[in-house]
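# Close look at the chain arrangement
Listed below are the residues making up each chain.
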Amino acid sequence: MSEWRDAADAAVVVEDEVLGCVVDGLPVALFRVEGEVFALHDLCSHGHARLSEGFVEDGCVECPLHQGLVDIRTGAARTAPISEPVRSIPAREVGGRIEVRI
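Nothing here was measured: the structure is a model prediction, and the numbers come from that model.

Okay, the nonpolar core next. Taken as a class, soluble globular proteins show a tendency for nonpolar side chains to be buried jointly. Residues Phe 31, Leu 40, Leu 51, Val 61 and Ile 72 are the most contacted members of the largest nonpolar core, which totals 16 residues. Secondary structure elements with two or more residues in this core: strand E3 (26-33) and strand E4 (36-41). The element best represented in this core is E3, accounting for 3 residues. When near neighbours in sequence (up to four residues on either side) are disregarded, Leu 51 contacts Val 18, Leu 40, His 41, Asp 42, Leu 43, Cys 44, Val 61, Cys 63 and Val 86. In this structure, Cys 21, Val 23, Ala 39 and Val 100 belong to the second largest nonpolar core, which totals 14 residues.

For the rest of this paragraph, the subject is the sheet that holds strand E10 (residues 97-101). Adjacent strands of a sheet form backbone hydrogen bonds with each other and so pair up, either parallel or antiparallel. Ordered in space as E1-E10-E9, the 3 strands form an open sheet in which the pairing is antiparallel. At either margin of the open sheet sits one strand with a lone partner, and together these are strand E1 (4-9) and strand E9 (91-94). Averaged over all adjacent pairs, the angle separating strand axes in this sheet is 35°, with direction ignored. Across 4 bridges, E9 lies against E10 in antiparallel orientation. By the bridge assignment for E10, Ala 91 is matched with Val 100.

Glancing now at the sheet that holds strand E5 (residues 55-57). Here 3 strands make up an open sheet; going across it, the order is E5-E6-E7 and the pairing antiparallel. In this open sheet, the two strands that pair with only one neighbour each are E5 and strand E7 (69-71). Between one strand axis and the next, the sheet turns by 25° as a mean value, whatever way the strands run. As judged from the 3 bridges shared by strand E6 (residues 60-62) and E7, these two strands associate in the antiparallel manner. Across the sheet, Cys 60 pairs through a bridge with Asp 71, a residue of E7.

Cut-offs and rules
- All residue numbers refer to positions counted from 1 along the written sequence of the respective chain.
- Reporting of local features is limited, given that this is a predicted model, to residues whose pLDDT is at least 70; pairs of side-chain atoms are given and counted only at 80 or more, and all residues count toward the totals for whole chains, interfaces and linings.
- Water and hydrogen atoms play no part in the side-chain values, which are based on all heavy atoms of the structure.
- Here, nonpolar core refers to any group of buried Ala, Val, Leu, Ile, Met, Phe, Trp, Tyr and Cys residues whose side-chain atoms link them within 4.5 Å.
- Remark: exposure states derive from per-residue accessible area (1.4 Å probe, protein chains only) relative to the maximum for the residue type, with buried under 20%, exposed over 50%, and partly exposed in between.
- In DSSP terms, a helix is any run of H or I states spanning at least four residues, a strand is any run of E spanning at least two, and both are numbered starting from the N terminus.
- By definition in these notes, contact holds between two residues if any of their heavy atoms fall within 4.5 Å.
- Strand pairing requires that DSSP identify at least two bridges connecting the strands.
- For helices, the axis comes from a line fit to the C-alpha atoms of the stretch in contact; other axes are also lines fit to C-alpha atoms, and the angle between any two N-to-C directions lies between 0 and 180 degrees.

Shape is all these values report; function is a separate question.
Encoded structure:
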């Protein structure tokens, strides 16, 4: 059964940036898009690159190693060489904190 876990201070998760963290041993990339928070597994599905080191623009994060794009809201692959989705993790903002459900 999954539970909500504390991930970060909401103030440090800002538009057009990404914050990498580890929650219960799982690497997580946190994002804010149009005021809403999102979380992805912090590992590109194409290779061993941390999405938290990527560039964020127009609702996507670019893999720093391969330059493929991943949709922040869904984890869907948007451009090659990424063809498999990245795990999307439920996220919410509660009391000034970001929580993820893992």
